[in-house]
Amino acid sequence: MRDLVAAVRARIEREYGDAWVEGEISNFRAQDSGHLYFTLKDTNSQLSAVMFRAQARLLRFRPENGMQVVVRGRVTIYEERGQLQIAVEYIEPKGAGALQVAFEQLKAKLEAEGLFDSARKKAIPALPARIGIVTSPQAAALRDILNILRRRHHTTNILIFPAMVQGEMAPLEVSAGIGYFNKANNVDVIIVARGGGSAEDLAAFNHEGLARAVFASQIPVISAVGHETDFTIIDFVADLRAPTPSAAAELVIRSRQEIEEQTSGLQQRLQKAMRYHLLMARQNLTELAQHGAFPRMLDFIRRRQQRLDDVGYRLAHAQRTIFEIQRRRFETLSAAVRHYDARRMLAGVRKELDGRVAAMAAGAKAMLLQRRSRVDRLSSQLAALSPLAILERGYALVFDASGKLVKDGAQLGQGDEIRATLARGSFTATIKNSD
């Protein structure tokens, strides 16, 4: 039986090695191995299909049950069950292209996750000092952006991260550019730019990983991909979508002339508002000045001023009276002092002071003599006890090699070195004989 199945398989594969089949997908199953299994059916028949991992990983969209597709592959037989099947190498959705299906699927998925939510979009700075651009250095879109930025506000700093904007590596390089600017935190806004092209050319910007990189950016991102009618996934995720790269340059920064005109307009509005408020304040003040309360207030102030003048006059008069009384008292005391003879009192005080000074001098002299006698006595006692006094009588102090005083000859042996200290000077010696 196995040989029969193998022969039939070989015959079928020769006849139908490259077949196109149209049908509806059912029983779709994606295995962990990466292989895809499903059934193609129409109103009258059905055919098992398998798409191996090598081909499945190249799909731009995910097949689903109920999807009408056209597949191309090799018709064969699965020998284990003797079942006819087609080994699919290519799948194309019926009616819509694969890119469009992939676009719609990814859009629905990210929208359900909240990546398009307008509430989380960050505001674009009105006057960014530094602008980061992720694009190809050779792109015409970059030249358009630079020309517009230079014309509108030439003092703005531009940082360019070179990246491919087409092909399989483009999503990774653009994501790397967004990540770089976020890590360096050296720009105020990021522009992702690419000129127009076909759906295949713009497919890199429908990449899920790139969309999530734009969503995770802490710096506002402007999507400037394609023409005004072109839409990509990052257009929905970005904080702002520009119809074209040139429009992105127009949106990201206002021209100096617009700023000056707006500033002038605000200044004029401020001046008008100030004049209006001053006019209204003056009118209110005039109305208040005509109110009956003001004359009463002025009368009250005048009466208070008059009372203040009266109190000031009385205070000055009282001060003059006090000064006159003090002057008379001073003159009386001066006259009394002039009649008092102070010289005799000072002479008695001086005599008493001289006597006390003499007594203090005598006491201090006696105390100094007593202290000197005691110091001399203590010095004599200290000199008698000093070992240096003994040395003056011809004695010597002997120390061994370690510096210890030698008190017993038994401490020394033949060949030991000693040091002797005399009353004046010292010497060293070696022991030749010890008794």
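Presented here is a report on the structure given in the accompanying data block. All values derive from a computational prediction rather than experimental measurement.

Overview of the overall build of the protein chain
- A count of helical and extended segments in the protein chain gives twelve helices and 13 strands.
- The 435 residues of the protein chain split such that 27% are buried.
- When contacts within the protein chain are restricted to residue pairs at least 6 apart in sequence, those whose partners lie at least 24 apart make up 62%.

Describing the packing of helix 4 (residues 140–152) against helix 8 (residues 245–252)
- At a minimum axis separation of 8 Å, helix 4 and helix 8 run at an interaxial angle of 25°. One finds that helix 4 runs roughly parallel with respect to helix 8. As helix 4 packs across helix 8, the resulting crossing turns out to be right-handed. Residues A141, D144, I145, I148, L149, R151 and R152 of helix 4 form the contact with helix 8, whose own contacting residues are P245, S246, A249, E250 and V252.
- Classifying every residue of the contact of helix 4 with helix 8 by side-chain character gives seven nonpolar, one polar and four charged.

Comments concerning the environment of Q218
- Its location among the elements puts Q218 in the loop between helix 6 (208–216) and strand 9 (221–225).
- The class for Q218 is exposed, based on a relative accessible area of 64%.
- In the structure, Q218 is positioned 33 residues away from N185 in sequence and 9.1 Å away in space, judged by C-alpha atoms.
- Setting aside anything within four residues of it in sequence, one finds Q218 in contact with K122 and N182.

A short note on helix 4
- Between its first and last C-alpha atoms helix 4 spans 19 Å; for 13 residues at 1.5 Å apiece the expected length is 18 Å, and the two agree.
- Taken together, the buried positions of helix 4 are occupied by A141, L142, I145, I148, L149 and R152. For helix 4, the buried positions fall inside an angular range of 135° around the axis, keeping them on one side. Exposed and oriented more than 90 degrees from the buried face of helix 4 are R150 and R151.

Some words on a nonpolar patch on the surface
- A cluster of nonpolar side chains, contributed by M297, L298, F300 and I301, occupies part of the molecular surface with about 360 Å² of accessible area.
- Its location among the elements puts I301 in helix 10 (residues 293–338).

Observations regarding helix 8
- Listed in full, the buried residues belonging to helix 8 are P245, A247, A248, A249 and V252.
- Structurally, helix 8 contributes buried residues whose contacts are with strand 6 (130–135), helix 4, strand 8 (189–194) and strand 9.

What to know about the pattern of salt bridges
- With the rule as written, the count across this model stands at 14 salt bridges.
- Here E331 ties to R327 by a salt bridge, and the two come within 2.7 Å at their closest N and O atoms. Taken as a pair, E331 and R327 lie in helix 10 at a separation of four residues, close to a single helical turn.
- Take E331: its relative accessible area is 43%, and that puts it in the partly exposed class.
- Residue classification places R327 among the partly exposed residues on the basis of a relative accessible area of 40%.
- Because the salt bridges share partners, they merge into one network encompassing K109, E113, E208 and R212.

Analysis parameters
- Residues numbered from 1 in each chain as written.
- Predicted model: local features only at pLDDT ≥ 70, side-chain atom pairs only at ≥ 80, totals over all residues.
- Heavy atoms only, no water.
- Helix = DSSP H or I, 4+ residues; strand = E, 2+ residues; numbered from the N terminus.
- Buried < 20%, exposed > 50% of the residue type's maximum accessible area, 1.4 Å probe, protein only.
- Contact = heavy atoms within 4.5 Å.
- Axes fitted to C-alpha atoms, helices over the stretch in contact; angles between N-to-C directions.
- Parallel < 35°, antiparallel > 145°, perpendicular 65-115°, else oblique.
- Left-handed = near helix turned anticlockwise from the far one by under 90°.
- Nonpolar A, V, L, I, M, F, W, Y, C, P; charged D, E, K, R; others polar.
- Expected span 1.5 Å × (residues − 1).
- Arc of directions from axis to C-beta.
- Patch = residues over 30% accessible without salt bridge, like charges linked within 9 Å, V, L, I, M, F, W, Y side chains within 5 Å.
- Areas by Shrake-Rupley, 256 points an atom, 1.4 Å probe, with all protein chains shown as cover.
- Salt bridge = Lys/Arg side-chain N within 4 Å of Asp/Glu carboxyl O.

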